[in-house]
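A look at the structure
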Amino acid sequence: MNKLHFKGELKRVPFEGKLSAALARYMPLESENDFEVFALLPSSKAPIYLNFAEHYQILERFVKQANACFEGEVNFLIRLSMPGGMRLPAVLLEPNVLLMQDIQPEVLRLKEGVSKGDVSRLLVIDDHLLRYQLEQGENQMHLSFYSQSQFDVSHEEACFAQLIESLAEFGIAAKEECDDAI
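Residues numbered from 1 in each chain as written. Predicted model: local features only at pLDDT ≥ 70, side-chain atom pairs only at ≥ 80, totals over all residues. Heavy atoms only, no water.

**Digging into the layout of surface pockets**
How we decide: Cavities and pockets are defined on a 1 Å grid built over the protein atoms alone: a cavity is a set of grid points where a 1.4 Å probe fits but cannot escape, while a pocket is an open set with protein on both sides within 12 Å along at least five of seven lines, and lining residues are those with an atom within 4 Å of any such point. Grid points are joined across faces, edges and corners, and a volume is the space filled by probe spheres set on the points.
Computed from the structure, the second largest pocket encloses a volume of approximately 150 Å³. Lining the second largest pocket are 15 residues, with Arg 79, Ser 81, Arg 131, Glu 135 and Gln 136 sitting closest to its centre.

**So, the sheet that holds strand E1 (residues 2–10)**
To keep things clear, this is the line we draw: DSSP bridges decide pairing: two strands pair if at least two such bridges lie between them. Helical segments are the DSSP runs of H or I of at least four residues, strand segments are the runs of E of at least two, and each set is numbered from the N terminus. Angular values range over 0 to 180 degrees, each being the angle between N-to-C directions of two axes fitted as lines to C-alpha atoms, with helices fitted over their stretch in contact.
Pairing is mixed across the open sheet formed by six strands, whose spatial order is E3-E2-E4-E5-E1-E6. The open sheet has two free edges, formed respectively by strand E3 (97–100) and strand E6 (172–174), since each of these has just one partner strand. Between one strand axis and the next, the sheet turns by 20° as a mean value, whatever way the strands run. Sheet topology note: the strand E2 (residues 75–79)/strand E4 (residues 121–128) ladder contains five bridges and is parallel.

**A closer look at the packing of aromatic side chains**
Centre distance and the angle of the planes are the two values used to describe a pair of aromatic rings. Note the threshold: Two rings belonging to Phe, Tyr or Trp (six-membered ring only in the last case) form a pair when the distance between their centres is within 6.5 Å. Interplanar angles under 30 degrees mark stacking, angles over 60 mark edge-to-face geometry, and anything in between is tilted. Each residue gets one of three labels from its accessible area relative to the maximum for its type: buried under 20%, exposed over 50%, partly exposed in between, using a 1.4 Å probe on protein chains only.
Enumeration according to the criterion identifies three aromatic pairs in this entry. On the numbers, 5.6 Å between centres and 65° between planes, the contact of Phe 15 with Phe 170 is edge-to-face. Of this pair, Phe 15 sits in the loop between E1 and helix H1 (32–40) while Phe 170 sits in the loop between helix H4 (153–168) and E6, and the two are 155 residues apart along the sequence. Taking the relative accessible area as the measure of exposure, Phe 170 reaches 3% and is therefore buried. Ring geometry for Phe 145 and Phe 160: centres 6.3 Å apart, planes at 40°, overall tilted.

Taken by themselves, the reported measurements are silent on function.
Here you go:
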């Protein structure tokens, strides 16, 4: 089985020069107790660089580009925190895309499917891009790609590199070498 991995971090707003609406909505706070409870909720210290709509735009473009590069022979497993508060782009609802909050069990199952030949290619997007302060994470995106050994490895490596380069357009840069697979 062929394996490729990438670990990146969102370092800036993804759509420079464009206005970005803050789409996070908080519960109504009316009493002193409401504010005390809200203040105790865990929150990330990482900066918020994007909103829900921009997040979906990044994923939409990425999936479209991967489908084109791998000629549609790729299955996607995407970690997506909910709620998103809006409709998903159509490409994220295609039969070759699976959206989940806890992807680890499915990664193991689908990697086994690649080994057995049941799944030709699998691209896992373990996404922790923060869209509002109560989300947990560090603005990271991990990618893991698995494929059957029958495919041209150099073509797959070139496609994977092209996908990683496209992330730089959105301000997602390599964080460090990723030795551990998702």
